[in-house]
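# Structure at a glance
Residue strings, one per chain:
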Protein chains: 4
Amino acid sequence: MIQNLVPNTSIETHVVLIASAASKKYGKLEQYLFTDGVKVNWKIESQLDAALKSGMVSTTALSMIGISDYILNNQIDGTLVIADRHETIAGAIASSYLNCKTFHLLGGETSGNIDNKVRYANTFLSDYHFVATKESKSRLELCGIAPELIFQTGCPSLDFLQSSNMLDIVQITEYFGGVGLSVQKLFQGRYVVVLQHAETTSDLDARLQVRSTIDAIDKLSIPALWIWPNSDTGSDEIIREIASARESGKLKNVHFERNLDPELFISILKNSSCIIGNSSVAIRECSLLGVPAVNIGGRQNNRERAPNVIDSDYNFEEIYETVSMQIKNGFYKPSKIYGDGHSGQRISNLLSSLL
Amino acid sequence: MIQNLVPNTSIETHVVLIASAASKKYGKLEQYLFTDGVKVNWKIESQLDAALKSGMVSTTALSMIGISDYILNNQIDGTLVIADRHETIAGAIASSYLNCKTFHLLGGETSGNIDNKVRYANTFLSDYHFVATKESKSRLELCGIAPELIFQTGCPSLDFLQSSNMLDIVQITEYFGGVGLSVQKLFQGRYVVVLQHAETTSDLDARLQVRSTIDAIDKLSIPALWIWPNSDTGSDEIIREIASARESGKLKNVHFERNLDPELFISILKNSSCIIGNSSVAIRECSLLGVPAVNIGGRQNNRERAPNVIDSDYNFEEIYETVSMQIKNGFYKPSKIYGDGHSGQRISNLLSSLL
Amino acid sequence: MIQNLVPNTSIETHVVLIASAASKKYGKLEQYLFTDGVKVNWKIESQLDAALKSGMVSTTALSMIGISDYILNNQIDGTLVIADRHETIAGAIASSYLNCKTFHLLGGETSGNIDNKVRYANTFLSDYHFVATKESKSRLELCGIAPELIFQTGCPSLDFLQSSNMLDIVQITEYFGGVGLSVQKLFQGRYVVVLQHAETTSDLDARLQVRSTIDAIDKLSIPALWIWPNSDTGSDEIIREIASARESGKLKNVHFERNLDPELFISILKNSSCIIGNSSVAIRECSLLGVPAVNIGGRQNNRERAPNVIDSDYNFEEIYETVSMQIKNGFYKPSKIYGDGHSGQRISNLLSSLL
Amino acid sequence: MIQNLVPNTSIETHVVLIASAASKKYGKLEQYLFTDGVKVNWKIESQLDAALKSGMVSTTALSMIGISDYILNNQIDGTLVIADRHETIAGAIASSYLNCKTFHLLGGETSGNIDNKVRYANTFLSDYHFVATKESKSRLELCGIAPELIFQTGCPSLDFLQSSNMLDIVQITEYFGGVGLSVQKLFQGRYVVVLQHAETTSDLDARLQVRSTIDAIDKLSIPALWIWPNSDTGSDEIIREIASARESGKLKNVHFERNLDPELFISILKNSSCIIGNSSVAIRECSLLGVPAVNIGGRQNNRERAPNVIDSDYNFEEIYETVSMQIKNGFYKPSKIYGDGHSGQRISNLLSSLL
């Protein structure tokens with residue numbers, strides 16, 4: 001994926017992992033990069049304990065300090081800041097305060113969460129803008145950003161959907177770890193995928209947010225693959241609610257994974273009957289894949305959608321009904337609103353000419 | 001000034017000093033607050049050594065951590081983030097990441113520096129917007145911010161110009177510290193005021209930025225009061241350049257002050273023949289005072305101006321000529337574009353009803 | 001326990017929680033303090049993700065910054081630094097660098113781990129020393145510390161063993177959360193207690209360290225209560241190894257608890273047949289209780305012991321044999337080497353007179 | 001100097017600058033290293049504003065985080081921690097908490113200040129000890145440190161006194177910057193050198209500490225070279241007191257320098273009539289040089305001394321009298337208590353064999 005991003009260029013790329021990307025607790029990113037031949041130049045171990053209320057703030061602060069040190073010691077000329085996770089603002093601040101050229105990827109979109117605040121803050125701390133959609137470009141122009149600084153590149157994570165060889169998920173069960181339902185049973189027929197993060201700006205606390213999803217999945221007659229949430233404030237609450245549901249005998253039809261190889265994950269998604277939760281994957285990658293999606297709560301509010309997405313409240317019955325309807329509907333026609341599969345090449349060319 | 005901001009309300013206000021505001025090195029803010037009867041609830045000693053390139057980044061990071069601790073330990077409901085200094089983003093991040101209501105003061109303006117980036121980042125991290133000018137309100141609306149979240153309150157620092165009793169600056173020379181020309185000589189006739197910060201996004205380094213101003217002031221036939229720059233990256237360079245000019249016998253006609261009581265400073269401004277440099281005071285407060293201003297370099301680019309402001313490059317002769325012209329021109333007619341003297345009351349009422 | 005520490009004195013005590021003590025993830029300390037009527041004045045959320053190698057360093061660094069802010073904002077005169085956990089050095093550094101009087105509790109002991117380094121560093125950063133044993137006092141005097149600055153107070157955590165009303169653990173099963181074997185089955189006859197932290201200076205990695213204990217406990221014919229490890233680097237590895245053992249069907253005879261009310265924990269200890277692992281509780285509190293202990297690995301090397309402790313290597317068979325022998329032996333005669341039950345009062349009197 | 005430290009070895013040395021060593025404000029260390037052909041691998045810009053009370057704490061904390069990142073990203077095997085400045089504990093903590101081999105240079109000495117606390121804390125956080133004097137070795141052994149871990153190497157900074165070509169200070173006045181008395185006048189006959197840091201554990205505040213020295217120097221009939229203090233808490237106060245003395249017409253006979261090339265500084269010392277203040281240079285380097293020294297206040301209490309050192313209180317008359325007496329006395333016979341000029345080679349060999 002990162003290889004797609006910067007092929008055949010004259011740029012010297014430095015890959016710096018921060019926050020959850022630098023912690024083994026949240027998956028095997030470093031291992032995937034190694035497999036893809038991407039060298040990690042530096043790791044900043046800045047992830048605070050996810051149970052802390054101030055975890056997002058202090059993780060970002062430590063990341064800023066570490067990135068700043070790295071930029072100065074390596075005479076970095078420019079920084080590519082991606083999207084809208086809370087820690088990404090660390091890169092935007094360090095880079096802009098140090099007078100580096102700052103490039104922002106995936107600005108101009110809107111969603112209903114702290115992500116939205118961070119995405120726009122990143123935009124305004126940056127000098128150049130690589131956006132996914134036509135609507136995003138217009139929105140940035142309306143904000144007063146000079147049109148010549150905005151480039152509609154599409155979203156590079158969709159390149160991957162086109163280029164990757166789809167794996168045979170039945171033959172690769174040895175790649176799975178995880179707990180719960182066996183992988184053999186999970187993949188013996190139809191299945192759904194669940195991926196639900198804490199919605200930090202909701203009035204509902206994170207345990208209540210996930211409870212209705214747990215009940216809906218529990219009632220579904222088909223197996224589910226549940227991917228653990230990211231390290232946002234509230235993720236520990238979600239994990240605890242799931243653990244407590246399992247201890248009381250629920251979710252017997254569910255296989256849980258901490259993280260999956262991206263290639264494997266895409267194969268699984270592509271074959272799934274529905275994706276459920278509040279991940280942007282449901283809206284972005286699945287637009288091109290045509291996979292039916294049920295989007296829960298406000299975390300993705302206002303994000304542009306293709307027809308494959310139907311929204312639901314944090315309500316057990318509504319989630320259950322919507323998922324059932326989507327499974328019945330089956331695959332949608334692919335939409336290219338978020339990218340055409342050649343974004344990486346465009347971004348890489350732009351970086352070469354703008355740096 | 002802060003008293004004006006929150007009089008007669010049901011809100012419990014906490015005043016937290018961070019960064020240079022919490023360091024004796026950069027003036028006597030705490031003493032002024034004490035004199036005004038404003039209680040400082042907490043100080044966060046987060047100011048890095050100003051000679052460091054990463055000083056702005058790490059100062060902001062330490063401020064974020066400290067503010068976050070304070071918000072959580074005191075169950076703070078909302079945070080008022082002011083304008084655009086680099087450290088202010090620490091308040092915006094801590095408050096928004098902790099799900100506090102975040103209020104931003106003086107958004108929607110534009111200037112040509114890192115300040116501009118920070119101001120817009122603050123806007124997008126915030127929930128409510130108290131703006132100074134009509135143009136600012138329109139600009140935020142174009143950015144997609146809901147009109148009902150934007151309030152044109154005017155700038156509260158202009159309230160002070162109206163309300164304060166103007167001091168007799170000749171009688172108050174005992175308030176002065178500083179070095180250089182004696183205060184008696186400074187105020188015996190016409191004088192100018194200089195206030196020039198490092199322009200962090202300029203290609204010119206900070207010593208060269210200030211050198212042309214030094215030469216222009218040195219050539220002027222009337223005395224000058226020079227206020228030391230703030231703690232931005234580059235301020236040490238400016239101080240060093242001034243010191244070196246003094247050691248080589250220049251600037252004999254100049255009195256230097258680290259910081260002045262705001263009331264005193266306004267009196268001095270009001271009686272001055274011209275303000276020179278790149279401070280926003282020249283553009284904002286002086287619009288209502290009608291004091292002629294020469295604005296140097298790009299730090300205030302795109303900020304709305306009343307007719308009292310004339311721009312100059314970092315060019316010794318241009319600065320000298322423009323200052324001479326402004327002194328000759330004399331006072332301008334007061335303009336109310338930045339506020340009508342009742343902003344504090346409006347803001348205080350809004351905070352009461354929105355919290 | 002803290003009440004014992006400072007009763008009836010003229011001192012104003014501030015309780016500041018840092019690191020794992022301020023994270024819900026590592027137990028309910030704050031709740032216990034509340035129950036005991038102890039007010040927590042401030043919390044510093046400084047705990048890094050336990051999976052990070054640099055977690056101990058950065059947690060300590062953030063704690064230092066937060067404690068320093070607290071000391072300055074509250075005009076603290078003195079700081080009581082306790083024992084030898086890695087974060088405690090944050091208090092010793094902040095206090096000594098700020099010229100506060102610094103008191104160290106439980107210096108002069110020796111153990112085989114990073115704890116030993118931290119304990120002595122704390123001693124030398126401090127001004128006054130409250131030690132538990134006669135041997136500790138002599139050791140500090142040999143180090144050149146003036147005898148009049150060292151006070152043999154005993155260890156205050158042993159006061160609690162004397163004063164607390166022992167609970168009937170059979171009647172209080174409702175206090176338990178946890179997973180695994182039911183509490184009813186755990187307490188229906190004899191049982192052992194396991195408490196094993198990562199030994200950070202061992203060549204063996206944390207998962208291998210705990211594996212032999214898992215196997216030994218698995219082979220034992222009597223049930224076990226296993227308390228989760230603290231937040232040291234390596235604790236996540238231990239938790240993962242236990243989880244993986246459980247998934248593969250081991251440890252069916254074990255009840256797991258994250259943390260227990262101290263009073264309840266002491267009752268359980270007092271009635272247990274053996275304590276197993278590398279906690280200092282086995283050596284200190286259990287000396288007075290006379291509970292048989294099996295101490296595994298090098299974490300407690302060189303700590304003074306009463307006859308109740310027998311050591312074992314990280315070796316499945318040795319652990320199993322030693323535990324079996326200790327269970328057969330039964331209770332030991334109580335020893336007072338670590339305290340006589342009146343340490344809190346002594347410490348409190350000393351603080352009053354030295355501050 | 002650093003070349004002496006590690007010549008002809010199989011070790012790969014990494015040089016990491018932190019705190020004031022990484023700030024241009026406190027001298028030209030980096031430039032000297034460059035001149036000596038020593039590569040700086042990394043800089044950690046961790047120096048807080050010296051006017052802050054918590055500056056020493058937070059500088060140390062930021063240094064810890066940065067060093068930890070560096071150690072992990074470069075698979076560092078061991079860390080050499082030097083002496084007793086407050087920031088050095090950052091290296092000792094990061095290294096020991098990360099299970100690196102930790103070597104401490106110059107332990108076992110005693111002095112009367114926070115330095116003493118830090119030196120012993122560094123010792124106990126370390127695994128191996130390279131000490132200067134016989135007395136230091138005995139003291140560490142009494143502290144219970146195994147004799148086989150302690151090596152009497154001597155102090156490597158004295159190697160330099162032997163090896164360096166002494167410069168002709170009259171011919172090199174172009175190397176001087178600084179302010180005050182001209183260098184020509186300073187070196188035209190006899191002169192003294194002043195170097196006085198803030199004594200952080202004194203009851204006297206830093207301005208009062210330096211005032212008596214200012215008065216004594218002012219009264220002296222021979223010129224003085226005054227080197228600015230380091231970045232410790234209190235240094236700004238000292239600088240301010242000096243500035244205020246100069247503004248009021250004192251110290252006209254003094255040349256001030258921020259920092260000098262070490263080689264040049266040694267030449268100047270070697271030719272000076274007396275060194276005055278509280279720097280360890282007066283006690284260590286000057287023991288071998290035989291230069292008369294007046295040591296003021298308690299900062300060097302208990303440090304071993306050769307006969308060249310006479311102590312004085314913070315008392316104008318006592319300082320003046322003692323300096324006059326020392327000037328009259330002239331040079332002392334060189335003493336080798338702190339090193340014989342071959343310490344670097346010994347240390348380098350030891351590192352090779354112990355890593």
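Every value quoted in this text rests on a predicted model; they were computed, and no experiment measured them.

## Let's talk about the overall build of chain A
A tally of helices and strands in chain A yields 14 helices and 13 strands. Computed over the C-alpha atoms, the radius of gyration of chain A is 20 Å, within 12% of the 20 Å expected from 2.2 N^0.38 for a compact globule of 355 residues. The principal-axis extents of the C-alpha atoms in chain A amount to approximately 55 × 40 × 40 Å. Considering chain A as a whole, with its 355 residues, one finds that 54% of them fall into the buried category. Considering only intrachain contacts with a sequence separation of at least 6, the fraction spanning at least 24 residues in chain A is 71%.

## With respect to the interface of chain D and chain C
Across the contact, 32 residues belong to chain D and 32 residues belong to chain C. At the level of secondary structure, the elements contributing two or more residues to the side of chain D that touches chain C comprise helix 3 (55-73), helix 4 (88-97), helix 5 (114-125) and helix 6 (134-142) of chain D. With ten residues, the single largest contributor to the side of chain D that touches chain C is helix 3 of chain D. Grouping the amino acids of the side of chain D that touches chain C by side-chain chemistry returns 18 nonpolar, ten polar and four charged.

## Observations concerning the interface of chain A and chain B
Every contact between the two is made by 32 residues of chain A and, on the other side, 32 residues of chain B. Here the side of chain A that touches chain B takes ten residues from helix 3 (residues 55-73) of chain A, the largest share from any one element. Looking at the side of chain A that touches chain B, its residues break down into 18 nonpolar, ten polar and four charged.

## So, the relation of the copies chain A and chain B
Laying chain A over chain B is done by rotating through 180° and shifting 0.0 Å along the axis; what remains is an RMSD of 0.1 Å. The relationship between the two copies is best expressed as a two-fold rotation axis. A symmetric contact is evident, with 100% of the interface residues of chain A recurring at the interface of chain B.

## Thoughts on the sheet that holds strand 9 (residues 224-227) of chain A
All names here are of chain A. Read from one edge of the open sheet, seven strands run 7-10-9-8-11-12-13, paired in mixed fashion. At either margin of the open sheet sits one strand with a lone partner, and together these are strand 7 (179-180) and strand 13 (309-312). Sheet analysis places strand 7 next to strand 10 (residues 254-257), joined by two bridges and oriented antiparallel. Note on strand 10: the bridge partner recorded for Gly180 is His255.

## Some details on helix 9 (residues 206-219) of chain A
Its 14 residues place the ends of helix 9 of chain A 21 Å apart at the C-alpha level, agreeing with the 20 Å of an ideal helix rising 1.5 Å per residue. For helix 9 of chain A, the set of buried residues is Ala206, Gln209, Val210, Ser212, Thr213, Ile214, Ala216 and Ile217 of chain A.

## Some words on the domain arrangement of chain A
All names here are of chain A. The assigned domain composition of chain A is domain 1 (2-155 + 339-354) and domain 2 (173-329). Computed over C-alpha atoms only, the centres of domain 1 and domain 2 are separated by 26 Å. Domain 1 puts 20 residues into the contact, and the matching count from domain 2 is 21 residues. A class-by-class count of the residues in the side of domain 1 that touches domain 2 yields seven nonpolar, nine polar and four charged.

## Overview of the pairing of strand 5 (residues 128-131) of chain D
Residue and element names in this part refer to chain D. Neither face of strand 5 is left uncovered, since the one carrying Tyr128 and Phe130 and the one carrying His129 and Val131 both have all their residues buried. Bridging between strand 4 (residues 101-105) and strand 5 involves three bridges; their strand directions are parallel. When the bridges of strand 5 are listed, His104 appears paired with His129. Taken together, the three bridges between strand 5 and strand 6 (residues 150-152) define a ladder with parallel strand orientation. Residue pairing in the sheet places His129 in a bridge with Ile150 of strand 6. What joins strand 5 to strand 6 is helix 6, and the crossover it makes is right-handed.

## Observations regarding the sheet that holds strand 11 (residues 274-277) of chain C
Residues and elements named next belong to chain C. Read across the sheet, seven strands follow the order 7-10-9-8-11-12-13 without closing on themselves; strand pairing throughout is mixed. Each of the sheet's edge strands pairs with one partner strand only, and the pair in question is strand 7 (179-180) and strand 13 (309-312). Both strand 8 (residues 192-195) and strand 9 (residues 224-227) contribute to a ladder of four bridges, which runs parallel. Among the inter-strand pairings, Leu195 is bridged to a residue of strand 9, identified as Ile227.

## Examining the relation of the copies chain D and chain C
Structural alignment of chain D on chain C gives an RMSD of 0.1 Å, achieved by rotating through 180° and translating 0.0 Å along the axis. Of the interface residues in chain D, 100% have counterparts in chain C that sit at the interface too, so the contact is made through matching surfaces.

## Side note on the packing of helix 9 (residues 206-219) of chain C against helix 13 (residues 316-329) of chain C
Residue and element names in this part refer to chain C. For the pair helix 9 and helix 13, the least separation of the axes is 8 Å and the interaxial angle reads 45°. On the basis of their axis angle, the class for helix 9 and helix 13 is oblique. Every pair of crossing elements has a handedness; the one defined by helix 9 and helix 13 is right-handed. On helix 13, the residues touching Ser212, Thr213, Asp215, Ala216 and Lys219 of helix 9 are Phe316, Ile319, Tyr320 and Val323. For the contact of helix 9 with helix 13, the per-class residue count stands at five nonpolar, two polar and two charged.

## Details of the pairing of strand 4 (residues 101-105) of chain B
All names here are of chain B. Counting buried positions over the five residues of strand 4 gives four, a clear majority of the element. Here five bridges tie strand 3 (residues 78-82) to strand 4, and the two strands are oriented parallel to one another. The residue bridging Thr79 from the neighbouring strand is Thr102, located in strand 4. With helix 4 (residues 88-97) bridging strand 3 and the parallel strand 4, this β-α-β connection has right-handed handedness.

## Side note on the confidence of the model for chain A
Residues and elements named next belong to chain A. The predicted model of chain A has a mean per-residue pLDDT of 90, with 93% of residues at 70 or higher. For the stretch residues 1-7, pLDDT sits under 50, and the model shows 23 contacts to residues farther than four places along the chain or on other chains. ipTM for the predicted complex: 0.81, alongside a pTM of 0.84.

## Some details on the environment of Phe130 of chain A
Residues and elements named next belong to chain A. Mapped onto the secondary structure, Phe130 falls in strand 5 (residues 128-131). We classify Phe130 as buried; it has 26 C-beta atoms within 10 Å. Once the C-alpha coordinates of Phe130 and Gln188 are considered, the two residues, 58 residues apart in sequence, prove to be 41 Å apart.

## Examining the environment of Ser312 of chain B
All names here are of chain B. If you trace the backbone, Ser312 turns up in strand 13 (residues 309-312). Given 22 C-beta atoms within a 10 Å radius, Ser312 is considered buried. As for Ser312 and Asp203, which are separated by 109 residues in sequence, their C-alpha atoms are 16 Å apart. Discounting chain neighbours no more than four positions away, the residues touching Ser312 are Val294, Ile296, Glu318, Ile319 and Thr322.

## Observations regarding the packing of helix 4 (residues 88-97) of chain A against helix 5 (residues 114-125) of chain A
Residue and element names in this part refer to chain A. Their axes nearest at 9 Å, the elements helix 4 and helix 5 cross at an angle of 15°. The orientation of helix 4 with respect to helix 5, classified from their angle, is roughly parallel. Crossing of helix 4 over helix 5 shows left-handed handedness. Of helix 5, the residues touching helix 4 (which contributes Thr88, Ile89, Ala92, Ile93 and Ser96) are Val118, Ala121, Asn122 and Leu125. Per-class residue counts for the contact of helix 4 with helix 5 are six nonpolar, three polar and no charged.

## Here we look at unusual backbone geometry
The phi angle at Asn302 of chain A is positive, at roughly 75°, despite the residue not being glycine. Structurally, Asn302 of chain A is set in the loop between strand 12 (293-296) and strand 13. Phi at Gln75 of chain D takes a positive value of approximately 45°, unusual for a residue other than glycine. With respect to the secondary-structure elements, Gln75 of chain D resides in the loop between helix 3 and strand 3 (78-82).

Parameters and conventions
Residues numbered from 1 in each chain as written. Chains lettered and ligands numbered in written order. Predicted model: local features only at pLDDT ≥ 70, side-chain atom pairs only at ≥ 80, totals over all residues. Helix = DSSP H or I, 4+ residues; strand = E, 2+ residues; numbered from the N terminus. Rg over C-alpha atoms; globule rule 2.2 N^0.38 Å. Buried ≥ 20, exposed ≤ 12 C-beta atoms within 10 Å, placed from the backbone. Contact = placed C-beta atoms within 7 Å. Nonpolar A, V, L, I, M, F, W, Y, C, P; charged D, E, K, R; others polar. Least-squares fit on C-alpha atoms with pLDDT ≥ 70 in both. Pairing = 2+ DSSP bridges. Expected span 1.5 Å × (residues − 1). Domains from an automatic or database assignment. Right-handed = clockwise from strand over helix to strand, strands pointing away. Axes fitted to C-alpha atoms, helices over the stretch in contact; angles between N-to-C directions. Parallel < 35°, antiparallel > 145°, perpendicular 65-115°, else oblique. Left-handed = near helix turned anticlockwise from the far one by under 90°. pLDDT = per-residue confidence, 0-100.

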